[in-house]
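Chain by chain, the residues run as shown.
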Amino acid sequence: MIDGKLIDTKINFAILASGAGSNADKICSYFKDHPHIQVNLIISNNINAGVLQVAASHGIESIVIPKSSWATPEIVLPDLRTKEITHIVLAGFLLLIPSWLVHEFKGHIINIHPALLPKYGGKGMYGHHVHEKVKLSGDVISGITIHEVNEKYDEGDILFQKEINIDPEDSADQIAAKVLEIEHYYYPRIIEQWVLGKNL
Ligand code: GAR
């Protein structure tokens, strides 16, 4: 039962990722035996992405869609339709989501960013680039932002933020490790609440 309604089929979401896929790994584990929600597809733009091994290790189907194909709905949509995808989760996906996809999945695309937006967001601000900027700034806190996705990098409505403390001696890599640790804990849980339509 969800909010008094009997749900007999699972809600399917897709993960889009470009890199190692450590968040995807945690998300797949979290939803492995979930009664209402499942990861049904993993898509990468990068044939060498570690996330493809993550998908295989969880027995989840994965496909590679290269950068040049994302402008073409006729290439991207059939797999999403076949797998009955209703929600899209970005986990280290580095391409800008095309506006046709934002409209097709309006309000149903979520992203995690490894800083406290609106600081350190925008084009080119991903992964270690973010943590190096934070280190250079001398900020004493950083953190994570989970937000809905619109046509611009890192500008959709913010759903959740969590801070971490930075010690003056922390390197950019140490800041990255602290941030990744809380991403792994919070992202699956926030995805669950978001998919189920709970207030965040
Ligand atoms: C994560 O830290 C995620 O927040 C970041 O990429 C990393 C992916 O790591 N995303 C961005 O920077 C998006 N602007 P993972 O592949 O190990 O999950």
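- Looking at an unreviewed UniProt entry, the protein chain carries the name phosphoribosylglycinamide formyltransferase 1, with the source organism given as Candidatus Opimibacter skivensis.
- The annotation that UniProt attaches to the protein chain under Catalytic activity (unreviewed entry) is "N(1)-(5-phospho-beta-D-ribosyl)glycinamide + (6R)-10-formyltetrahydrofolate = N(2)-formyl-N(1)-(5-phospho-beta-D-ribosyl)glycinamide + (6S)-5,6,7,8-tetrahydrofolate + H(+)".
- The UniProt entry for the protein chain carries the following comment under Pathway (unreviewed entry): "Purine metabolism; IMP biosynthesis via de novo pathway; N(2)-formyl-N(1)-(5-phospho-D-ribosyl)glycinamide from N(1)-(5-phospho-D-ribosyl)glycinamide (10-formyl THF route): step 1/1."

1. Quick look at the sheet that holds strand E7 (residues 158–165)
And then number 1: Strand order in the open sheet formed by 7 strands is E3-E2-E1-E4-E5-E6-E7, and the pairing between neighbours is mixed. One side of each edge strand has no neighbouring strand; the edge strands of this open sheet are strand E3 (62–64) and E7. When the angles between neighbouring strand axes are averaged without regard to direction, this sheet yields 20°.
And then number 2: Where strand E5 (residues 109–113) meets strand E6 (residues 141–148), 4 bridges bridge the pair, whose relative direction is antiparallel. Bridging from a neighbouring strand, Ile 110 pairs with Glu 148 of E6.
And then number 3: Packing against the sheet, helix H3 (residues 73–82) makes contact with strand E1 (11–16), strand E2 (37–44), E3 and strand E4 (85–90), and its axis sits at approximately 160° to E2.

Rules and cut-offs
- Residues numbered from 1 in each chain as written.
- Predicted model: local features only at pLDDT ≥ 70, side-chain atom pairs only at ≥ 80, totals over all residues.
- Heavy atoms only, no water.
- UniProt positions renumbered as here; feature names shortened; annotations may be inferred.
- Pairing = 2+ DSSP bridges.
- Helix = DSSP H or I, 4+ residues; strand = E, 2+ residues; numbered from the N terminus.
- Axes fitted to C-alpha atoms, helices over the stretch in contact; angles between N-to-C directions.
- Contact = heavy atoms within 4.5 Å.

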